[in-house]
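Coordinates in review
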Amino acid sequence: MAGVLLPLVLGLSARAQAPDAGAPDAGVQAAPRFAWPRLQVLAHVESSDIVEAGGIPVALRAVHVKEHIRDLVQRFADAFRDGGLYVPPGKEQAQYANNAVMLTALDPSRRITYTVVMMPQQDGTTTLYLGEANHALARPPEAAGDFAPLPPQAHGVLRVNAEGSRTLTFQVPLTGPQVEAFYADALGRAGWKRGDEPGLYSRPGAELRLTHQPGKDGQRGVVLIHQSRAR
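Okay, so let's go over this structure.

Reading guide: rules and limits
Residues numbered from 1 in each chain as written. Predicted model: local features only at pLDDT ≥ 70, side-chain atom pairs only at ≥ 80, totals over all residues. Heavy atoms only, no water. Helix = DSSP H or I, 4+ residues; strand = E, 2+ residues; numbered from the N terminus. Buried < 20%, exposed > 50% of the residue type's maximum accessible area, 1.4 Å probe, protein only. Polar contact = N/O pair within 3.5 Å; in protein donor to acceptor, adjacent residues only side chain to side chain. Core = buried A, V, L, I, M, F, W, Y, C linked by side-chain atoms within 4.5 Å. Contact = heavy atoms within 4.5 Å. Phe/Tyr/Trp six-rings, centres within 6.5 Å; stacked < 30°, edge-to-face > 60°. Expected span 1.5 Å × (residues − 1). Arc of directions from axis to C-beta.

**A closer look at unusual backbone geometry**
Residues other than glycine seldom take positive phi values, yet Arg111 does so here, at roughly 60°. Following the sequence through the fold, Arg111 ends up in the loop between β4 (101-107) and β5 (112-120). With a phi angle near 55°, Asp217 is a residue other than glycine that sits in the positive phi range. The topology assignment puts Asp217 in the loop between β11 (206-214) and β12 (220-228).

Here it is, written out as structure tokens:
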């Protein structure tokens, strides 16, 4: 799950609001914890550790399934509702480009957010990214120790920490050339060397990748991924 999609999935899971339902009434048995629906799995990859996104622990895994995306959208919506989760209205659900679909649901009593991103494949199968964000175990995210500086007007910053990698995502009112110029200067002064690929930088023991895309109202979404590597 390398590349830009991983931080996007984590960011959406972590930023979703999980309302506090308060303590359950005495004598009221809590509903069973939600279980993902069974699917015809062709291949799957599970993360070895819990990833931290914005101070919230997130369990994330990817599966390649036989089902077509048109069948999966309703299936996951039904599974969320049948599992007693709150499913925000369609207008409150985030939308993906490239025909991908995302659904999010909340377990307010346990303060867990469930997110599924469905990406159709040319052969009619679907790649799924399943995330579970546990807001009950959230702790304040720390800005100290960022691996790269942020432009002065950066906002909506999300920090994701995983084994061997760290990610920064944010919005900034800059153009693509301005983002690239800012980081060419800042990273160059920090000892990073440009790679052969656009947005790729390296220095001994580490690699950094910069990607960005236009957003709404003149904003630009920026993703920085720092990975450790053998010297």
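**Comments concerning the side chain of Thr113**
Considering the arrangement of structural elements, one finds Thr113 in strand β5. The class of Thr113 is buried, set by a relative accessible area of 0%. In terms of polar contacts, Thr113 uses its side chain to reach the side chain of His135, at 2.6 Å.

**Thoughts on the nonpolar core**
Ranked by size, the top nonpolar core spans 21 residues in total, and within it Trp36, Phe76, Phe80, Val116, Met118 and Leu128 carry the most contacts. Contributions of two or more residues to this core are made by β3 (56-65), α2 (69-82), β4, β5 and β6 (126-134). Take this core: its biggest share by element is six residues, from α2. Discounting residues that sit within four places of it in the chain, Trp36 has contacts with Arg61, Phe76, Phe80, Tyr114, Thr115, Val116, Leu130, Gly131 and Glu132. Phe147, Tyr183, Trp192 and Ala206 belong to the second-largest nonpolar core, a separate cluster that totals 16 residues.

**Some words on the packing of aromatic side chains**
All told, the structure shown has eight aromatic pairs when counted by the stated rule. Aromatic rings pair up to connect Phe34, Trp36, Phe76, Phe80 and Tyr114 into one cluster.

**Thoughts on helix α3 (residues 176-189)**
The terminal C-alpha atoms of α3 lie 20 Å apart, and with 14 residues this matches the ideal 20 Å at 1.5 Å per residue to within 8%. Looking at α3, one finds that the buried residues are Gly176, Val179, Tyr183, Ala186 and Leu187. One side of α3 holds all its buried residues, which, seen down the axis, span an arc of 110°. Turned more than 90 degrees off the buried face of α3, the exposed positions are Pro177 and Arg189. Where α3 terminates, the next one or two residues include Gly191, which has phi positive at roughly 95°.

**Concerning the environment of Thr104**
Along the chain, Thr104 turns up in strand β4. Residue classification places Thr104 among the buried residues on the basis of a relative accessible area of 5%. Along the chain, Thr104 and Tyr114 lie ten residues apart, while their C-alpha atoms are 5.6 Å from each other. A polar contact is formed between the side chain of Thr104 and the side chain of Thr115, at a distance of 3.3 Å.

**As for α2**
Across its 14 residues, α2 extends 20 Å between first and last C-alpha, which sits within 8% of the 20 Å expected from 1.5 Å per residue. What α2 keeps buried is the set Ile69, Leu72, Phe76, Ala77, Ala79 and Phe80. Across the axial projection of α2, the buried residues extend over an arc of 160°, all falling on one side. Residues of α2 that are exposed and angled more than 90 degrees away from the buried face: Arg70 and Asp82. Taken together, the buried residues of α2 touch β3, β4, β5 and β6. Immediately downstream of α2, the backbone of Gly84 shows phi near 80°, a positive value.

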